[in-house]
Structure formats: C-alpha cells, structure tokens
Amino acid sequence: MPPAEAERVMNTNFFGSFHVAQAALPLLRQTGKTRLIFVGSIGGLVAVPYYGVYSASKFAVEGLVESLRLELTQTQVAVTCLEPGDVSTPIIGREYRQPPSEVPEVYREGFQNVMDDMAKGVAEGYPADRVAQRIYQLTTTSRSAPVRKTVGDAVQRLAPVLKRILPHKVVEQIVRSYYRL
C-alpha cells in the first residue's frame, strides 16, 4: 500500500473518530447523561491479512474508546465501540486495492484469496440498515453502555471471543484457514 493511501485510511478511521470526539465531548459533557458511539470493526480486534493498515486504524479506535471510557468516568458520557464484521456497502469498488500484478509472487495467491473473500463477504454482508439499528439501540437503551458491541454473522462475531480464550498461534491458524492462506 502506498504511504499516501495508508495515511488516508488512518485519517478517515482513526483521526476522523479522534476529531469528532474532540469536537463533541465539550457539548456532550454539558447535556447530562449521553453516549458517544464509535464505529470500530471486528477487523480492529482480529487482524485481517492484507488489510493491515485498515486493521491498525480500527485497533487504534479500540484504544481510543478504552482510554476515553476511563477518562470520562467522572462525567455522564458513556462510550461504546460498535464493531461490525462485513457490512453490505459499496466499499469494495471504492477502496484502494493494489493490483494483483503488483503483489510479489510469493503473496499473490493468498492476496487474491483474501480479496475474493472480502468481496464476497461484503456482497453478502450484514445489512447496513441493521448496523444503523444497532447504533440506535445503543443510544436509546437504559442499560449501561458496553465497552464494545459486535454485529455481523456468527462466525465473525466468534473471532474476537476465540482470540481471548485461545493461544495466539491457534488463532493465527484459524485466520489463515478462514482466508485460505
């Protein structure tokens, strides 16, 4: 990935979240009991091969959410990270994708497998309107705000759970198998 593309991804996913929080928090602290919801990704909990910058940007959002939750304990602002898996959007046609011919031969087959799987996953993904409903539910529930809320298909929601309970080597084997690497 060219460095300019990596910066664009970080600017959108991490710095976009950071700047929204910076702008919104003074107002949210004044409104009383309220919630700040960030959109992370299951890919920010379990790295996606060949999407390292994307995963890094969403891992950074996770860190921001965890830090803000601690920093805001003396306020009435609750913070949650919504973590979707594959969502049915037109992102595949709009994101930067390195041409397979530019990928070194040693990576090309795995790269193409992941690109194909991602395109299929997004095409058949969790409906975007259901993600919006989850965000709405998080804003209107009277229960305490969870640190994170994963949404998506069962296999994708299971990945972060497995990462917490299995040895890292086993998780890597599962991810490699899932993406046919």
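One structure accompanies this document, and this report is about it. (Residues numbered from 1 in each chain as written. Predicted model: local features only at pLDDT ≥ 70, side-chain atom pairs only at ≥ 80, totals over all residues. Heavy atoms only, no water.)

## Concerning the sheet that holds strand β5 (residues 148-151)
Argument step 1. Across the sheet, three strands lie side by side as β1-β2-β5; this open sheet has parallel pairing. Because the sheet does not close on itself, it has two edges, and the strands there are β1 (34-39) and β5. Here the average twist between neighbouring strands, direction ignored, is 25°.
Argument step 2. Sheet topology note: the β1/strand β2 (residues 77-84) ladder contains six bridges and is parallel. Of the residues in β2, the one forming a bridge with V39 is L82.
Argument step 3. In the packing of helix α1 (residues 3-30) onto the sheet, contacts are made with β1 and β2, and the angle to β1 comes to roughly 175°. (Pairing = 2+ DSSP bridges. Helix = DSSP H or I, 4+ residues; strand = E, 2+ residues; numbered from the N terminus. Axes fitted to C-alpha atoms, helices over the stretch in contact; angles between N-to-C directions. Contact = heavy atoms within 4.5 Å.)

## Focus: the side chain of N13
Argument step 1. Residue placement: N13 occurs in helix α1.
Argument step 2. Of note is the side chain of N13, whose polar atom sits 3.0 Å from the side chain of S57.
Argument step 3. Setting aside its immediate chain neighbours within four residues, N13 contacts Y54, S57, K58 and V61. (Polar contact = N/O pair within 3.5 Å; in protein donor to acceptor, adjacent residues only side chain to side chain.)

## Observations regarding the nonpolar core
Argument step 1. If you look at the biggest cluster of nonpolar residues, it comprises 14 residues, and the most contacted ones within it are L25, L36, F38, L68 and V79.
Argument step 2. For this core, the secondary-structure elements that each account for two or more residues are α1, β1, α2 (52-71) and β2.
Argument step 3. The residues contacting F38, other than those within four sequence positions of it, are S17, A21, V61, L64, V65, L68, V79, T80, C81 and L82.
Argument step 4. If you look at the next biggest cluster of nonpolar residues, it comprises twelve residues, including V114, M115, M118 and V171. (Core = buried A, V, L, I, M, F, W, Y, C linked by side-chain atoms within 4.5 Å. Buried < 20%, exposed > 50% of the residue type's maximum accessible area, 1.4 Å probe, protein only.)

## Remarks on the packing of α1 against α2
Argument step 1. The geometry of α1 relative to α2 is characterised by a closest axis approach of 8 Å and an angle of 20° between their N-to-C directions. Taken together, the axes of α1 and α2 lie roughly parallel to each other. Here α1 and α2 pass one another in a crossing that is right-handed. Residues A6, V9, M10, N13, F14, S17, F18, A21 and L25 of α1 touch α2, and the partners they reach there are V53, Y54, A56, S57, K58, A60, V61, L64 and L68. (Parallel < 35°, antiparallel > 145°, perpendicular 65-115°, else oblique. Left-handed = near helix turned anticlockwise from the far one by under 90°.)

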